[in-house]
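Chain residues, written in single-letter form:
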Amino acid sequence: MKMILAVIDKDDTHAVMQHLVKEGFSITTLSTTGGFLKAGNTTILVGVDDEKTQDVIAIIKEHSKSRTRQIPLMPSSEMGSISTMPVEVLVGGATIFVMNVEHFEKM
């Protein structure tokens, strides 16, 4: 058995959850914040039999896409100047961890 932990962008949460449940996977979600943008994410936990691991990963990959966003540059106190030019950064997508589960018990 595997535990899949996936951190996804909040904009992709609904689609990923909907498709995982549609395919019969039980999920647990946690609201999380992270990254240098301190943006909202969702962490999804899925316990799954080994042979279904790639199915879950495929659903997450299909429904969590990377995208670009414009963010303002932070003021630079080192140089004493402030830049107002926005910077384009890549956000979204998913970070997926797959862990072995030694013991599982449902009560």
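Residues numbered from 1 in each chain as written. Predicted model: local features only at pLDDT ≥ 70, side-chain atom pairs only at ≥ 80, totals over all residues. Heavy atoms only, no water.

**Observations regarding the overall build of the protein chain**
Consideration 1: Across its full length, the protein chain carries two helices and six strands.
Consideration 2: N-terminal to C-terminal, the α/β element order of the protein chain is β-α-β-β-α-β-β-β.
Consideration 3: Counting over 107 residues, the protein chain shows a buried share of 25%.
Consideration 4: If you take every contact in the protein chain between residues at least 6 apart in sequence, the share linking residues at least 24 apart comes to 68%.
Consideration 5: Carbon and sulfur atoms form 55% of the exposed surface of the protein chain, whose accessible area is close to 7600 Å². (Helix = DSSP H or I, 4+ residues; strand = E, 2+ residues; numbered from the N terminus. Buried < 20%, exposed > 50% of the residue type's maximum accessible area, 1.4 Å probe, protein only. Contact = heavy atoms within 4.5 Å. Areas by Shrake-Rupley, 256 points an atom, 1.4 Å probe, with all protein chains shown as cover.)

**Observations regarding helix α1 (residues 13-22)**
Consideration 1: For α1, every residue scored as buried is listed here: Thr13, Val16 and Leu20. Relative to the axis of α1, the buried residues are bounded by an arc of 75 degrees and lie together on one face. Across α1 from its buried face, at more than 90 degrees, point the exposed residues His14 and Lys22.
Consideration 2: Backbone geometry just downstream of α1 places Gly24 in the positive-phi region, at approximately 90 degrees. (Arc of directions from axis to C-beta.)

**Section: the environment of Gln70**
Consideration 1: Position of Gln70 relative to the elements: it lies in strand β4 (residues 66-72).
Consideration 2: With 15 residues separating them along the chain, Gln70 and Met85 place their C-alpha atoms 9.5 Å apart.
Consideration 3: In this structure, Gln70 is in contact with Pro86, Val87 and Glu88, ignoring residues within four places of it in sequence.

**Quick notes on the packing of α1 against helix α2 (residues 53-63)**
Geometrically, a packed helix pair is captured by the angle between its two axes and the distance between the axes.
Consideration 1: Between α1 and α2, the shortest axis-to-axis distance is 9 Å and the interhelical angle comes to 150 degrees. In terms of axis orientation, α1 runs roughly antiparallel to α2. Between α1 and α2 lies a crossing of right-handed hand. Taken together, the residues of α2 that come into contact with α1 (itself represented by Ala15, Val16, His19 and Leu20) are Val56, Ile59, Ile60 and His63.
Consideration 2: Looking at side-chain class alone, the contact of α1 with α2 contains six nonpolar, two polar and no charged residues. (Axes fitted to C-alpha atoms, helices over the stretch in contact; angles between N-to-C directions. Parallel < 35°, antiparallel > 145°, perpendicular 65-115°, else oblique. Left-handed = near helix turned anticlockwise from the far one by under 90°. Nonpolar A, V, L, I, M, F, W, Y, C, P; charged D, E, K, R; others polar.)

**A few points about the pattern of salt bridges**
Consideration 1: Counted by the stated rule, this structure contains one salt bridge.
Consideration 2: Its salt-bridge partner being Lys10, residue Asp11 comes within 3.6 Å of it at the nearest N-O pair. (Salt bridge = Lys/Arg side-chain N within 4 Å of Asp/Glu carboxyl O.)

**Focus: the nonpolar core**
Consideration 1: Within the largest apolar cluster, 12 residues are counted, these being Ile4, Ala6, Ile8, Val16, Leu20, Phe25, Ile44, Val46, Val48, Val56, Ile59 and Ile60.
Consideration 2: Contributions of two or more residues to this core are made by β1 (2-9), α1, β3 (39-48) and α2.
Consideration 3: Ignoring anything within four residues of it in the chain, the contact list for Val56 reads Ile4, Leu20, Phe25, Val46 and Val48. (Core = buried A, V, L, I, M, F, W, Y, C linked by side-chain atoms within 4.5 Å.)

Honestly, it's all geometry; don't read function into it.
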